[in-house]
Amino acid sequence: EDFNNLSHEALNTILLVIVILFLFVGLKEAFTAGIVIPLVFAATFGFMALFGQTLNFLSLFSLILSLGLLVDDAIVVVQATKQYMATGKFTPEQAVLLVFKDFFGIIMTTSLTTIFAFLPLVLASGIIGQFIRSIPITVSITLAASTVIAIVINHPMAAILERFKVTRGVAKLLFLILVIAFIASLSGLFAAPTVLSI
């Protein structure tokens, strides 16, 4: 039951992240940053299996914990690309190359700093150390995957999407769909709890 509740919260968090990105950054940027979430989760599940980590309550909690952090790199990439394009001096491809040149060190530094903040938890000993070991491993894998995906996938995608123009009507329709999806997912929170009899 706890695992199902946490899975439901993960979906709500993903929807909230995409809605906030849409409101504050823009539609194309929200799509580009939002596509990072399933890609990073897929990569994380693969590496978790490689390191012998199971999908349990703690590892799922770690994924939710890192959810806000993993879109940071993608936001930096797409927002910087948008600002270069706004000057009117660069093509999308040139803007992407400039972003890579100017922000590669920043993205790597912020990601590595956060990863190294969590890694000492791996060295914790005793029962507590064994219990929480999946948290730093999962968060570190997630952040490393998000950095690679932001550089390898978000850069080219940002250039491609800059060539498409989205009308205001389409943007409003997509925002309405996102809001309806979020409200529908929240409706599960207010459902009557089931009582298990022993």
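For clarity, every value in this text was computed on a predicted model and none was experimentally measured.

Novice: Just checking my understanding: could you explain the side chain of Thr138 for this structure?
Specialist: Structurally, Thr138 is set in helix H8 (residues 134-161). Here the side chain of Thr138 touches Ser134 through a polar contact of 2.6 Å, landing on its backbone oxygen.

Novice: Sorry if this is basic, but what is going on with the confidence of the model for the protein chain here?
Specialist: It should be kept in mind that the predicted coordinates are not to be read in detail where pLDDT is low. In the predicted model, the protein chain carries a mean pLDDT of 76, and 83% of its residues have values of at least 70. The secondary structure element of the protein chain with the lowest average pLDDT is helix H9 (residues 168-186), at 68, and the one with the highest is helix H6 (residues 92-118), at 85. Note on residues 189-198: pLDDT under 50 across the span, and four contacts to partners over four residues away in sequence or across chains.

Novice: Help me understand the packing of helix H2 (residues 27-34) against H8, please; the structure alone is not making it clear to me.
Specialist: Packed helix pairs are specified by the crossing angle of their axes together with the interaxial distance, meaning the distance between the axes. For the pair H2 and H8, the least separation of the axes is 10 Å and the interaxial angle reads 155°. In terms of their interaxial angle, H2 and H8 are classed as roughly antiparallel. Note on packing geometry: the crossing formed by H2 with H8 is right-handed. Here Lys28, Phe31, Thr32 and Ala33 of H2 come into contact with H8, specifically with Asn154, Met157, Ala158 and Leu161. Looking at side-chain class alone, the contact of H2 with H8 contains five nonpolar, two polar and one charged residues.

Novice: Which parts of the structure should I look at to understand the environment of Leu60?
Specialist: Here Leu60 shows up in helix H4 (residues 57-70). It is 8.9 Å that separates the C-alpha atoms of Leu60 and Ile135, two residues lying 75 residues apart in sequence.

Novice: Would you take a moment to explain H6 for this structure?
Specialist: Helical periodicity: at 3.6 residues per turn, an α-helix aligns residues three or four positions apart in one direction. In this model H6 runs 36 Å from its N-terminal to its C-terminal C-alpha over 27 residues, within 8% of the 39 Å that 1.5 Å per residue would give. At Phe103, H6 shows its largest kink, close to 55°. The inward-facing, buried residues of H6 contact H4, helix H5 (72-86) and H8.

Novice: Looking at this structure, how should I read the nonpolar core?
Specialist: Grouped burial of nonpolar side chains is what soluble globular proteins tend to show. Of all hydrophobic cores here, the largest spans 21 residues; its most connected members are Ile37, Phe41 and Leu70. Elements represented by at least two residues in this core include exactly helix H1 (2-24), H2, helix H3 (36-50), H4 and H8. Among the elements that line this core, the one with the most residues is H1, at five residues. Look past the residues within four positions of Leu70 in its chain and what remains in contact with it is Val36, Ile37, Val40, Phe41, Thr142, Leu143 and Ser146.

Novice: Could you clarify how one ought to interpret the packing of aromatic side chains in this entry?
Specialist: Any pair of aromatic rings gets described here by the distance separating the centres and the angle formed by the planes. Applying the stated rule across the entire model yields three aromatic pairs. A ring pair is formed by Phe41 and Phe45, whose centres lie 6.3 Å apart and whose planes are at 45°; its orientation type is tilted. On the criterion of helical spacing, the pair formed by Phe41 and Phe45 is a turn pair, its members being four residues apart in helix H3. Given a relative accessible area of 13%, Phe41 falls into the buried group. Measuring from ring centre to ring centre gives 5.2 Å for Phe100 and Phe104, while their planes differ by 45°; the resulting arrangement is tilted.

Rules used in this analysis
- Every chain begins its residue count from 1, and numbering advances along the sequence as written.
- Owing to the predicted nature of the model, reporting of local features is limited to residues with pLDDT of at least 70; listing and counting of side-chain atom pairs is limited to 80 or more, with chain, interface and lining totals taken over all residues.
- Computation of side-chain values covers all heavy atoms of the structure but excludes hydrogens and water.
- Only DSSP runs of H or I covering at least 4 residues are called helices, and only runs of E covering at least 2 are called strands; the numbering of each starts at the N terminus.
- Any pair of N or O atoms that falls within 3.5 Å is considered a polar contact. Within protein, one atom must be able to donate a hydrogen and the other to accept it, and sequence-neighbouring residues count only if both atoms are side-chain atoms.
- The predictor attaches a confidence to each residue, called pLDDT, with possible values from 0 through 100.
- In this analysis, two residues are considered to be in contact whenever any of their non-hydrogen atoms come within 4.5 Å of each other.
- A fitted line through C-alpha atoms serves as each axis, taken over the contacting stretch for helices, and the angle formed by two N-to-C directions is quoted from 0 to 180°.
- Throughout this description, any angle smaller than 35 degrees is read as roughly parallel, any larger than 145 degrees as roughly antiparallel, any in the 65 to 115 degree range as roughly perpendicular, and the remainder as oblique.
- Take the far helix as the reference: if the near one is turned anticlockwise from it by less than a right angle, the crossing is left-handed, and if turned clockwise, right-handed.
- Amino acids outside the nonpolar list (Ala, Val, Leu, Ile, Met, Phe, Trp, Tyr, Cys, Pro) and the charged list (Asp, Glu, Lys, Arg) are all regarded as polar, and Gly is one of them.
- Given a helix with a known number of residues, its expected span is that number minus one, times 1.5 Å.
- At every residue, the bend is computed as the angle between two fitted axes, covering the seven residues ending there and the seven beginning there respectively.
- Each nonpolar core is a collection of buried residues, namely Ala, Val, Leu, Ile, Met, Phe, Trp, Tyr and Cys, held together in the definition by side-chain atoms within 4.5 Å.
- Residue exposure (1.4 Å probe, protein chains only): buried if accessible area is under 20% of the type maximum, exposed if over 50%, otherwise partly exposed.
- Paired rings are identified among Phe, Tyr and Trp, the last through its six-membered ring, by centres lying within 6.5 Å, and are further divided according to the angle between planes into stacked (under 30 degrees), edge-to-face (over 60) and tilted (the rest).

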